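# Structure at a glance
So you can see what is in the structure, the chains are spelled out below.
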Amino acid sequence: MMAIGVVFAGLKMLTKFETKSNRVKGLSFHSKRPWILASLHSGVIQLWDYRMGTLIDRFDEHDGPVRGVHFHKSQPLFVSGGDDYKIKVWNYKLHRCLFTLLGHLDYIRTVQFHHEYPWIVSASDDQTIRIWNWQSRTCISVLTGHNHYVMCASFHPKEDLVVSASLDQTVRVWDIGALRKKTVSPADDILRLSQMNTDLFGGVDAVVKYVLEGHDRGVNWASFHPTLPLIVSGADDRQVKLWRMNDTKAWEVDTLRGHMNNVSCVMFHAKQDIIVSNSEDKSIRVWDVTKRTGVQTFRREHDRFWILASHPEMNLLAAGHDSGMLVFKLERERPAFAVSGDSLFYAKDRFLRFFEFSTQRDTQVIPIRRPGTTTLNQSPRTLSYSPTENAVVICSDVDGGSYELYVIPRDSITRGDAVPEAKRGVGGSAVFVARNRFAVLDKSSNQVLVKNLKNEVVKKSSLPIAADAIFYAGTGNLLCRTEDRVVIFDLQQRLVLGELQTPFIKYVIWSNDMESVALLSKHAIIIASKKLVHQCTLHETIRVKSGAWDDNGVFIYTTLNHIKYCLPNGDSGIIRTLNVPIYITKISGNTIFCLDRDGKNRAIVIDATEYIFKLSLLKKRYENVMSMIKNSQLCGQAMIAYLQQKGFPEVALHFVKDERTRFNLALESGNIQIAVASAKEIDEKDHWYRLGVEALRQGNAGIVEYAYQRTKNFERLSFLYLITGNMEKLSKMLRIAEVKNDVMGQFHNALYLGDVRERVKILKNAGHLPLAYATAKIHGLEDVVEHLAAELGDDIPSLPEGKTPSLLMPPAPIMCGGDWPLLRVMKGIFEGGLDNMGRDGADEDEEAADGDWGEELDVVDLDGLQNGDVSAILEDGEAAEENEEEGGWDLEDLELPPEADTPRASVSARSSVFVAPTPGMPVSQIWIQRSSLAAEHAAAGNFDTAMRLLNRQLGIKNFAPLKSMFLDLYSGSHSYLRAISSTPVISLAVERGWNECASPNVRGPPALVFNFSQLEEKLKAGYKATTTGKFTEALRLFLGILHTIPLIIVDSRREVDEVKELIIIVKEYVLGLQMELKRREMKDNPVCQQELAAYFTHCNLQTPHLRLALQNAMTVCFKNKNHATAANFARRLLETNPPNENQARSARQVLAAAERSMTDAAQLNYDFRNPFVVCGATYVPIYRGQRDVSCPYCGSRFVPSQEGQLCTVCDLAVVGADASGLLCSPSQIR
């Protein structure tokens, strides 16, 4: 399937949908749904959705070709007639044939439902037309009179008439009024009696009203005009004839000639004064009814046309041909319009109209009809408005693309009677770019002509791309479109401001502040910034029709059947469905203003709650989110899934009543209380298990135990009691296993308890006497051993001699572990606000339980605090001082919070002993506890972990160059105080970014002696040394930078990118300088000297240094008579436009000398045409496509044989090692 538009002079046939199939003989549009039936020569009937381009169903009960098919207007039925002489009535909802009507004796050509009565009319090669009642499933009339095949028959859309066409060269019109009267029940007995007589003695239900003769050959098709007393027919004489009729007669009006072969089908257009015909000459022709002339022709290369169908309510046509069918429109229905503030200018019925959004006043402004134009597809295509000059530029497809400029008098908007003279011109598109300037695209020269309001060219600009349309992009700027990209072009500076690859763009819609733009293609929406930086892309399966920005920066758009929204992050959703397509003009609050296809202004009120809610979440406007949750009816699976996906399961929890969903959301948000409540309601094993897993993750042993108990998971319960040290309950588990007669369970529990006697007893009861004996013997239970030995007799097992057994005894628990202590955390924005929601409702208790967002979990269990957490127990420093003065023992007078009772163990039994406070964690340990930055570990003195981190992150193995830096970092992040001469020196940590307001209990990261600005200074010094030719000094500086970077820490992501960029810059210089120093050592090898000089020019150097490298390589090669290579360096040097005249002059001289002899004396391993990188160890080129390995730190490339060796460029990392990448900022870890 594909959709194409084929353009002819003046007419554009817009193909909306196309299929490839067997020959199509019958077509029918559904009156309401976007469906079309196609009956094929193969006997298959296809049901297509032409909007989505999908095959919905296929029906294949006919034997042989199916020539006629028709949808019922209101019932879920269609009828088909085929070469098997059968008429079949189908129900498409039930996907089957309901019944078959038999009676015709030859091929059936057409079938059609009556628009009102339960009738079907059929035409057949048996020379008859039959009318059937599909409710009683009987033939109610046979129309005879044709004396050859009847090719088609159809009901009149309003009157009691049937028209038929036959190969007997006639068109007949039949009056079926009597049949209608017969169908309506007679009112009295006399009428009923006369009707019975008529039935018995052969009364006539249908009579021939007219016989239209005039065709020279067989007539293939005839059809009525939907409203006028006209008939059109098409025949094998290649002519289309137009007939008129009145109450008494019918006559030929005119003949339309032009088809080159038999005319297959012909019909009047439902909305316009045109006739559409198709033919076996492989063409569709459009004729003007009033002028009776051909308007346009649409041809196919290989396919003959057989059938036409017209949509009963929309401007759509379909045509069937040898290899499929196509659905098309003859012209666009989108009205041209432009919005400016509170005003809308739009074109309708050849008038420019004005609509005011605030008052909804609609007025006619000026006529814009061009005299002498034909009616088809000449309507305005685009409209551009200048509010200051009150001028309008209207573009249309007339003359291959032209524009008209109207300057509207100020008072004409209210009067609508002025007719200003239009200024015309030729151009593909024209838009205003300034107050009194408009730009016109001249496609032939790919130029934009800027014109004034007198239609005079004031400026010409060549476009940077071959554009086929231009759009407004801000004052003085144009958005230029090609097939696969758009470009913003500044007309004043002639610069490209932005470029973006896109599908073919049809419409461009700017936001109110001109900061964002929506680019609409047929099936996609691309949102970009004003410089065309891509933000998001949305794909739609059906066509995108229009769009506008609302005041919140949300893009609202329409497809053929929906109004939808797109948030700045690319999230989208449906606002409402549409019956007919609309074109959005403006959005004001909850009102969408739009134009429909008839050019009427409409205002649609929408519910914006969903997208405003999502936008508030996206922009972190949590107060708005809170108020919307409390006041609106946001609900539904889609909203819950969205909140889950965006990381707000705790918010989603407040919308949900379904217990399973609540359980899943509660687990996801860690709300163990709600999860327990939901698990109780659901009471399924799987849910209890999942609850246990989550509770175990949170360290909530009580709920883990409860979950295991509910599922009777005794093995897990026993293990839980073992790890929490609950020996009492473990003993109970042993008893339970005994009651259940679970031998393995008993043994495991005895093993966990360390109860050897019990284990021996279990083994003995299970009949494992040798194992019981061995266990008792090893554990020294002599009384049991004697008893078992007597039972075993001679079968006593022998135990190994001289070996000390290791006993399976669990360690005795020091204390019974309960729930893990929890940290105090700040309540989230939603937690406090949502806790009280719904408390006033009927389900008060339930809501209270649901609204509890784990507050109990956040309360710290002070009994379980470490001794070191003094700050949590004591309220402030005064309490601490008071404790100190009184010795810390007399607790009665101390005013402590009641829940902070000091555990008894901390009070010494002997009151005279001083209890020292527990030492806190050293600062150096705090630094490394959560840091993955090697520099902070080195500053803390933990060199071992720092080296491990660098090895894992950057593959560094040689730490010798970093040793002095590690020591500098450590000494630089500590200061030392001497208190008294006899006491040791006190070490103090120096923190980064410390200030007096900082909390004394919150430790900052260590101060570092190396920073990024130092490296920038070193880089400048390295550049200077390179310029002056001090290569050894420069290499030392650049290597120093490479060795320092692993121990640098920066704050932002932007600085991280700068550090990575610095590595690449420095690596290039190190490699280049190493090659240059190597070259200077090799005085006796001129070929190698030239190669190294050449490779140096391919390092990524600053332009001044590149010029020096090129001059150096040029000189070396020229001296060694490699003139062609020297000339290449000379050309590259001149391309850099050297400001130094000596450089330029020497390059020109070398070029001139080389041109006389473009040869090389020696063959070099150097091909400047083939891109390459240089191996950092062997200094040989690695050309594109060749395999290589790289250094995980500096990125230098090496030949594969160097894998596993130390990188010769940075002298730190191992070539080809696995590494996670540079980590130099806390922002990378968050």
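In case you missed it, the structure is sitting above this.
First, a word on what this report is: a plain description of the structure on this page. Here the residue numbering is sequential within each chain, running from 1 through the sequence in written order. With pLDDT at 70 or above as the cut-off, local features in this predicted model cover only qualifying residues; side-chain atom pairs require 80 or more to be listed or tallied, and sums for whole chains, interfaces and linings still use all residues. The basis for the side-chain values is all heavy atoms of the structure; hydrogens and waters are excluded.

### A short note on the overall build of the protein chain
- Under the DSSP-based scheme used, a helix requires at least four consecutive residues in state H or I and a strand at least two consecutive residues in state E, with every element numbered from the N terminus. Summing up its helical and strand segments, the protein chain has 33 helices and 62 strands in all.
- In the protein chain, which comprises 1230 residues, the proportion classed as buried is 49%.
- Two residues form a contact once any of their heavy atoms are found within 4.5 Å. Taking the contacts inside the protein chain whose residues are at least 6 apart along the sequence as the reference set, 47% of them involve residues at least 24 apart. Burial here depends on accessible area, computed with a 1.4 Å probe over protein chains only, as a share of the maximum for the residue type. Under 20% is buried, over 50% is exposed, and the range in between is partly exposed.

### A short note on the nonpolar core
- Core analysis: the biggest nonpolar cluster contains 89 residues, and Leu950, Phe1038, Tyr1193, Cys1194 and Cys1210 have the highest contact counts within it.
- Per-element accounting of this core gives the leading share, ten residues, to helix α29 (residues 1053-1081).
- Sequence-distant contacts of Phe1038, defined by excluding residues within four places in its chain, comprise Leu1019, Gly1022, Tyr1023, Thr1026, Val1066, Tyr1069, Val1070 and Leu1073.
- If you look at the next biggest cluster of nonpolar residues, it comprises 58 residues, including Val24, Trp221, Val240 and Leu256. Definition of nonpolar core: a set of buried residues of the types Ala, Val, Leu, Ile, Met, Phe, Trp, Tyr and Cys, connected through side-chain atoms within 4.5 Å.

### Concerning the sheet that holds strand β38 (residues 430-434)
- The four strands lie next to each other as β38-β39-β40-β41, forming an open sheet whose pairing is antiparallel. With partners counted over all chains shown, the strands left at the sheet margins are β38 and β41 (457-462), one partner each. Across the sheet, the mean angle from the axis of one strand to that of its neighbour is 30 degrees, orientation sign disregarded.
- One requirement defines pairing of two strands: DSSP has to find at least two bridges between them. Pairing analysis gives five bridges linking strand β40 (residues 447-451) to β41, with the strands arranged antiparallel. Along β41, the bridge assignment pairs Gln447 with Ser462. For helices, the fitted axis covers only the stretch in contact; all axes are lines through C-alpha atoms, and the angles between them, taken along N-to-C directions, range from 0 to 180 degrees.

### Things to note about empty space enclosed by the protein
- Cavity: a set of points on a 1 Å grid over the protein atoms alone where a 1.4 Å probe fits but cannot get out. Pocket: an open set with protein on both sides within 12 Å along at least five of seven lines, its lining residues, like those of a cavity, having an atom within 4 Å of a point. Grid points are joined across faces, edges and corners, and a volume is the space filled by probe spheres set on the points. Across all of its chains, the model carries four cavities of 30 Å³ or more by this definition.
- Computed from the structure, the largest cavity encloses a volume of approximately 160 Å³.
- As for the largest cavity, its lining consists of 13 residues, and the residues nearest its centre are Lys16, Tyr50, Leu316, Leu560 and Arg597.
- Residues are sorted three ways: Asp, Glu, Lys and Arg are charged, Ala, Val, Leu, Ile, Met, Phe, Trp, Tyr, Cys and Pro are nonpolar, and all the rest, Gly among them, are polar. Here the residues of the lining of the largest cavity sort into five nonpolar, one polar and seven charged.

### Description of the sheet that holds strand β47 (residues 516-521)
- Spatial strand order, β46-β47-β48-β49: four strands in an open sheet with antiparallel pairing. One side of each edge strand has no neighbouring strand; the edge strands of this open sheet are β46 (505-510) and β49 (534-539). Strand-to-strand, the axes of this sheet are offset by a mean angle of 15 degrees, without reference to chain direction.
- One ladder, built from five bridges, connects β46 with β47; its direction is antiparallel. From the neighbouring strand, Ile509 faces β47, where its bridge partner is Ala518.

### Regarding the pairing of strand β56 (residues 601-605)
- When strand β55 (residues 591-596) meets β56, the two strands line up antiparallel, connected through five bridges. The residue of β56 that forms the bridge with Phe593 is Ala603.

### Details of a nonpolar patch on the surface
- On the surface, Ile778, Leu807 and Met809 cluster together into a nonpolar patch covering about 250 Å² of accessible area.
- You can see Leu807 is positioned in the loop between α17 (782-792) and α18 (829-835).
- Using a relative accessible area of 44% as the deciding quantity, one classes Leu807 as partly exposed. The patches described consist of residues with a relative accessible area above 30% and no salt bridge, like charges being joined within 9 Å and nonpolar side chains (Val, Leu, Ile, Met, Phe, Trp, Tyr) within 5 Å. Note on areas: these come from Shrake-Rupley sampling with a 1.4 Å probe, and a residue is covered only by the protein chains present in the view. Any Lys or Arg side-chain nitrogen found within 4 Å of a carboxyl oxygen on Asp or Glu counts as a salt bridge.

### Side note on the packing of aromatic side chains
- For Phe, Tyr and Trp, rings pair up if their centres lie within 6.5 Å, where Trp contributes its six-membered ring, and each pair is then called stacked (planes under 30 degrees apart), edge-to-face (over 60) or tilted (otherwise). Within the structure shown, the criterion is met by 34 aromatic pairs.
- Pairing Phe71 with Phe78 gives two aromatic rings, centres 6.2 Å apart and planes at 75 degrees, and the pair type is edge-to-face. With respect to class, Phe71 is no different from Phe78; both count as buried.
- In this scheme, the term charge over a ring applies when either NZ of a lysine or CZ of an arginine sits within 6 Å of the ring centre and within 35 degrees of the ring normal. The ring of Tyr507 has Arg334 lying over it, and the distance from NZ or CZ to the ring centre is 3.7 Å.

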